[in-house]
Amino acid sequence: MKNKIITAVFIIALVLFILTFSIALPIYCRFFYYLQIKPLGLEQKTGWSYDVIKEAYDDVLNFCTLPGRQFSAGKLLFSEEGAAHFADCKTLFTLNLSVLIISGAAVVTIIILHRLKKAEILKINGHGAYFYSAVAALILPAAVGALACINFDAAFEIFHKIFFPGKDNWVFNPRTDEIIKIMPQQFFINCAILIGSGLVAFSAALIITDAVIKRKNTQLELTNL
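Residues numbered from 1 in each chain as written. Predicted model: local features only at pLDDT ≥ 70, side-chain atom pairs only at ≥ 80, totals over all residues. Heavy atoms only, no water.

Peer 1: Give a description of the overall build of the protein that names residues and reports values.
Peer 2: Counting secondary structure elements, the protein contains 8 helices and 0 strands. Starting at the N terminus and walking to the C terminus, you meet the elements of the protein as α-α-α-α-α-α-α-α. Projected onto the principal axes, the alpha-carbon positions of the protein cover approximately 75 × 35 × 30 Å. Counting across all 225 residues of the protein, residues that qualify as buried make up 37%. The contacts in the protein between residues at least 6 apart in sequence include a share of 75% that link residues at least 24 apart. Counting every atom, the protein has about 13400 Å² of accessible surface; 68% of that belongs to carbon and sulfur. (Helix = DSSP H or I, 4+ residues; strand = E, 2+ residues; numbered from the N terminus. Buried < 20%, exposed > 50% of the residue type's maximum accessible area, 1.4 Å probe, protein only. Contact = heavy atoms within 4.5 Å. Areas by Shrake-Rupley, 256 points an atom, 1.4 Å probe, with all protein chains shown as cover.)

Written as structure tokens, this is what we have:
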């Protein structure tokens, strides 16, 4: 029973780690945004220089990811409603980081206990526990990704209604919240693609690893016959 519980906790923790790690990619890999400034034509569309755009983005991300920061959008105008929305984003980013750290610590701790033979991560139907984590991590995002591919606007609106219930301050007026001019829809689409790519790559690596180990074990068993 003890090892079953540990295995279940390991599977759940690894699912959470995969999801939060993938979500963290566009948040903390700022160069991902920098690389899009010119391809998206933000300088031409806004009339602002690369440095002004980068400074505005950095200030917003510093507020959202670092403690004790006052909201700023560089040289760009912003409203109280806009700042309040990013305060809500900061809460979600902090939650995501917290789950990432806690789930990662849980996964590492259980692996160490397994290596020290203090506990055992059980195999299920011949597959490693991480195989099921990888599969589970793909199911919900796959459904969300399918909806986004069909109608990104609808998926975007549903996302905000779920995570920002009862609020409409995420609908920015570009005249009062100029930051939205440098965060066009295509940027958010690209963020979704990065999150999906990270999730698929992570999960695929675990599934492939499981298949390779299972094949080697099968060959070893046949050799010993």
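Peer 1: Describe in detail the pattern of salt bridges, supporting the description with residues and values.
Peer 2: Going through the model one piece at a time under the given rule, you end up with 5 salt bridges. The closest approach of N and O atoms between Lys-38 and Glu-43, which form a salt bridge, is 3.0 Å. With a relative accessible area of 54%, Lys-38 lands in the exposed category. For the salt bridge of Asp-88 with Lys-167, the shortest nitrogen-to-oxygen distance reads 2.9 Å. Here Asp-88, found in helix H5 (residues 80-115), pairs with Lys-167, found in the loop between helix H7 (152-163) and helix H8 (185-224); they are 79 residues apart in sequence, far enough to count as distant. For Asp-88, a relative accessible area of 17% gives the class buried. (Salt bridge = Lys/Arg side-chain N within 4 Å of Asp/Glu carboxyl O.)

Peer 1: Quick rundown of the packing of helix H1 (residues 2-28) against H5? Include the residues and the values.
Peer 2: A pair of packed helices can be characterised by two numbers: the angle between their axes and the separation between those axes. At a minimum axis separation of 7 Å, H1 and H5 run at an interaxial angle of 140 degrees. Comparing the axis directions of H1 and H5 gives the class oblique. Considering the relative orientation of H1 and H5, their crossing is left-handed. For the contact of H1 with H5, the class distribution of residues is 20 nonpolar, 4 polar and no charged. (Axes fitted to C-alpha atoms, helices over the stretch in contact; angles between N-to-C directions. Parallel < 35°, antiparallel > 145°, perpendicular 65-115°, else oblique. Left-handed = near helix turned anticlockwise from the far one by under 90°. Nonpolar A, V, L, I, M, F, W, Y, C, P; charged D, E, K, R; others polar.)

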